Amino acid sequence: AASFTQVQSIDPGRGMSGVSSARGFVAADYNGDGYSDLFIPRGDTGNQGDVPLVFINDGAGNFVAKPQVLPAEAAPRATVGDVDGDGDLDIVYGATGDTVPGDGAVLLNDGNGNFMVGQSSFEVSAIKLGDADGDGDLDAVVLSDGLALWKNDGAGNFQFHHTVMPGANGPYVVTDFDGDGDLDLTCSANDRVQSMV
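Notes on the structure in this doc start here. (Residues numbered from 1 in each chain as written. Predicted model: local features only at pLDDT ≥ 70, side-chain atom pairs only at ≥ 80, totals over all residues. Heavy atoms only, no water.)

Turning to a nonpolar patch on the surface, a few remarks are in order. Judged by side-chain polarity, Val173, Phe177 and Val197 come together as a nonpolar surface patch covering roughly 310 Å² of accessible area. Looking at the secondary structure, you find Val197 in the segment after β15 (192-196). Its relative accessible area of 73% is what places Val197 among the exposed residues. (Patch = residues over 30% accessible without salt bridge, like charges linked within 9 Å, V, L, I, M, F, W, Y side chains within 5 Å. Areas by Shrake-Rupley, 256 points an atom, 1.4 Å probe, with all protein chains shown as cover. Salt bridge = Lys/Arg side-chain N within 4 Å of Asp/Glu carboxyl O. Helix = DSSP H or I, 4+ residues; strand = E, 2+ residues; numbered from the N terminus. Buried < 20%, exposed > 50% of the residue type's maximum accessible area, 1.4 Å probe, protein only.)

Set out below in structure tokens:
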């Protein structure tokens, strides 16, 4: 039978609300050493609450905080992908709430798990990445006043392109449903599950 052994307990801080903010974290290899690290969207550095935190895996499942200055507004639901085409994993996040738009950002990785703010004020509620236009870079399908496509210029800068589905207000999936090599959508809109290919 499978079993697990606790090797570490991380306290990310209480955040501005006074309760633990470690929810919606994303595991990925941010420094390219082959081990999954952690991005915690909302933690506490000790002097400022509700800030994103990066923890690097030592290879044995122990995580060490990697101090860096990141924007204070971060969403519980972040997504990861190589948005600037340099071979490492970047982080994109939107609103602080589940469905209410707010500030977000694109964090560009230098390959060692150090992030710099690229695009800021990415005011969307949820983000999923995929190559929507077939140009080889990752675009963003976002939830904000409906479901919309934001196109990537290849350097990690996103610009609104068009609204895909007005009225979309819930969970959505971006994948190739019909096997033709491009992205399709399924989302919750107007009390129904809508699909687009």
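What follows continues from the structure just given.
Going through the model one piece at a time under the given rule, you end up with three aromatic pairs. Arranged with centres 6.2 Å apart and planes meeting at 20°, the rings of Phe39 and Tyr93 form a pair that is stacked. You can see Phe39 sitting in strand β2 (residues 37-44) and its partner Tyr93 sitting in strand β6 (residues 90-93), a full 54 residues away along the chain. On the accessibility criterion, Phe39 (0% relative accessible area) is buried. A relative accessible area of 0% places Tyr93 in the buried class. Between Trp150 and Phe160, the aromatic rings sit 6.3 Å apart at their centres with planes inclined by 80°, giving edge-to-face as the arrangement. Of this pair, Trp150 sits in strand β11 (residues 147-152) while Phe160 sits in strand β12 (residues 158-165), placing them 10 residues apart in sequence. (Phe/Tyr/Trp six-rings, centres within 6.5 Å; stacked < 30°, edge-to-face > 60°.)

Grouped together as the largest cluster of nonpolar side chains are 13 residues, with contacts concentrated most on Tyr30, Phe39, Ile91, Tyr93, Leu107 and Phe115. Those elements that provide at least two residues to this core are β1 (26-28), β3 (49-57), β6 and β7 (105-109). (Core = buried A, V, L, I, M, F, W, Y, C linked by side-chain atoms within 4.5 Å.)

With that settled, the discussion passes to the environment of Asn112. Mapped onto the fold, Asn112 is located in the loop between β7 and β8 (115-120). Residues Asn112 and Asp29, spaced 83 residues apart in sequence, show a C-alpha to C-alpha distance of 9.5 Å. Contact partners of Asn112, with chain neighbours within four places excluded, come to Tyr30, Asn31 and Lys66. (Contact = heavy atoms within 4.5 Å.)

On to the sheet that holds β6, then. In any sheet, the strands associate via hydrogen bonds between backbone groups, in a parallel or an antiparallel arrangement. Spatial ordering of the open sheet is given by β5-β6-β7-β8, a layout of four strands whose pairing is antiparallel. Strand pairing shows two members of the sheet lacking a second neighbour, β5 (78-81) and β8, which therefore form its edges. With strand direction ignored, the average angle separating the axes of adjacent strands in the sheet is 25°. Where β5 meets β6, four bridges bridge the pair, whose relative direction is antiparallel. By the bridge assignment, Gly81 is partnered in β6 with Asp90. (Pairing = 2+ DSSP bridges. Axes fitted to C-alpha atoms, helices over the stretch in contact; angles between N-to-C directions.)

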